[in-house]
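Secondary and tertiary structure notes
Now for the letters of each chain:
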Amino acid sequence: MHKRLSLLVRSALYALRGGFLVRPLVIALLLGAAGAILSFAEEYAPALNAWIPEVLFPSHQDPQVAQTILAGIASSTMTVVSIIFAILLMTLTLASTQFSPRILVSFVRDRSTQWTLGIFLGTYCFCMAALPAVRSHPRPFVPVATVMTAMILALLCVSWLIFFIHHISQSISVNQIVDRIARETELVIDDLMPHPRGPAEQPEHGGPFRKARERLIVSRRSGYIRFVDVPFLVERAKNYGVQIVLERRVGHFVPSGVPIMRVLESGRVTPDREAELLSAFDIGPARTMQQDVEFGIIQIVDVALRAISPAINDPSTAISCIDQLSRVLIKWAGRSPPRTYLHGPPHVLRVVMPWIDFDGLLDTAFEQIRHYAKADIAVSLRLLRAFDDIASTGVPPQELQSLFRCGRRVIEGCEETLPEADLSRLRERLKRLEGRSFAHDLREV
């Protein structure tokens, strides 16, 4: 039960921190509480007013001035908040139509925008929470320190608005968008694959599979697998004395009623235990970046495909996307891949967890771009350069051969559309790429 709650909390926190709800709401509530507490403290500790010189706030005894200041700041901040929301809606609409609907995930997760909403809404809440303390009867009272704090917050809002306009003007740049997506994807790789690849790393070998009755456990809801609590599955498989083989990996769509895992020694899995195993999966209507490196690559590919479409015809944007994709693939190739066969105790196979491999990521990243860029020499040349950049980092022989195959497919597709002069440039670059095999052999020697 504790593990189930932790997974639900993780999923909820990931979903909420990726929108305009949690952080702005927390900031607004904290500043609102600060306004109420500070005005209350001034009433019961009048010495606080002595810290504010009359030069800064002459009207220490005029409640109407304080009410005017607080009400003016509150109304003006709400006016600016409406403008900010209009700017955000316009930006999200532009990004969705110009680039891809899937990149909206990175926009709503932008912390600068969340802080902007939080500070403006918090200033409004601060002023509204302090207004009831300002009164003329039965005894005039002016929370001077509170009013001064509200004025400081107003100045902060003005400065922050200038920063927000500058930030939003940069964030809609396509280079900034794909760079942000690439950075988020690299963070997922860091979390999923924290260890660098060793110089002589051997392929992973699984233990022997048991010869026992199998039980197919079907998904009870439809959606994308967004997160799998692998340690929880290993622990439960060990406690139950079974082996678990996952049928779908993170990022796959699983309809309700379709098998999601197989359990060997099925007689030890009761309906309650089956429900407990299913609780290790976070399934939702859309993919997320919790464990899904491929989803980050798909977002960048979407931008590239939209750029090289005949309606837009922007090969420079596609080239920028290819550069960022090569950056992500280099990061992946330099890390030890996530474990597929998990044991507990050692030499006792418990869970088989499929992950996407290098070939799968390579195909997702470049195959569609290669197909739609057959008539574009600039994009095709950059594809071959990207393969060469990845190969130059010292990838293993199997992955090097995959890069060679991708390079040859680029030229095979371009032979149908490009003239011989352009094809000679592509072949020259492919020759350089395939020369990496000789350099790799020398390193091995």
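As a starting point, this report considers the structure included with it. From a predicted model like this one, the values you see are computed outputs, not experimental measurements.

Describing the sheet that holds strand β4 (residues 253-254)
Sheet strands pair by backbone hydrogen bonding; their relative direction is either parallel or antiparallel. What the three strands build is an open sheet, ordered β4-β2-β6; its pairing is antiparallel. Lying at the two open borders of the sheet, with one neighbouring strand each, are β4 and β6 (281-284). Two strands pair when backbone bridges link them, and strand β2 (residues 223-228) and β4 are joined in this way by two bridges, in the antiparallel orientation. The residue bridging Y224 from the neighbouring strand is F253, located in β4.

Things to note about the sheet that holds strand β3 (residues 243-246)
Across the sheet, five strands lie side by side as β1-β5-β3-β8-β7; this open sheet has mixed pairing. For this open sheet the edge positions go to β1 (214-218) and β7 (341-343), each flanked by a neighbour on one side alone. Between one strand axis and the next, the sheet turns by 25° as a mean value, whatever way the strands run. As paired strands, β3 and strand β8 (residues 349-352) are joined by two bridges and run parallel to one another. Bridging across to β8, I244 finds its partner in V351. Helix α8 (residues 230-240) contacts β3, β7 and β8 of the sheet and is inclined by roughly 145° relative to β8.

Some thoughts on the nonpolar core
Grouped together as the largest cluster of nonpolar side chains are 91 residues, with contacts concentrated most on I244, F281, F366 and F387. Among the domains, domain 1 (18-172) and domain 2 (173-195 + 210-373) are the pair contributing at least three residues each to this core. Contact partners of F387, with chain neighbours within four places excluded, come to L362, F366, L403, C406, G407, V410 and L433. Within the second largest apolar cluster, 15 residues are counted, among which are L70, A74, V134 and V144.

Focus: the pattern of salt bridges
Considering all chains together, one arrives at 24 salt bridges under this definition. Here the residues in one salt-bridge network are D179, R183, E186 and R327, joined through shared partners.

Details of the packing of helix α5 (residues 111-130) against helix α6 (residues 144-171)
Close contact between α5 and α6 brings their axes to 10 Å; oriented N to C, the two are set at 160°. In terms of orientation, α5 and α6 fall into the roughly antiparallel class. In terms of crossing hand, the pair formed by α5 and α6 is left-handed. Seen from α5, the contacting residues are S112, T113, W115, T116, I119, F120, T123, F126, C127 and A130; seen from α6, they are T146, T149, A150, L153, L156, C157, W160, L161, F163, F164 and H167. Taken together, the residues that form the contact of α5 with α6 break down as 14 nonpolar, seven polar and no charged.

So, how was this worked out
Residues numbered from 1 in each chain as written. Predicted model: local features only at pLDDT ≥ 70, side-chain atom pairs only at ≥ 80, totals over all residues. Heavy atoms only, no water. Pairing = 2+ DSSP bridges. Helix = DSSP H or I, 4+ residues; strand = E, 2+ residues; numbered from the N terminus. Axes fitted to C-alpha atoms, helices over the stretch in contact; angles between N-to-C directions. Contact = heavy atoms within 4.5 Å. Core = buried A, V, L, I, M, F, W, Y, C linked by side-chain atoms within 4.5 Å. Buried < 20%, exposed > 50% of the residue type's maximum accessible area, 1.4 Å probe, protein only. Domains from an automatic or database assignment. Salt bridge = Lys/Arg side-chain N within 4 Å of Asp/Glu carboxyl O. Parallel < 35°, antiparallel > 145°, perpendicular 65-115°, else oblique. Left-handed = near helix turned anticlockwise from the far one by under 90°. Nonpolar A, V, L, I, M, F, W, Y, C, P; charged D, E, K, R; others polar.

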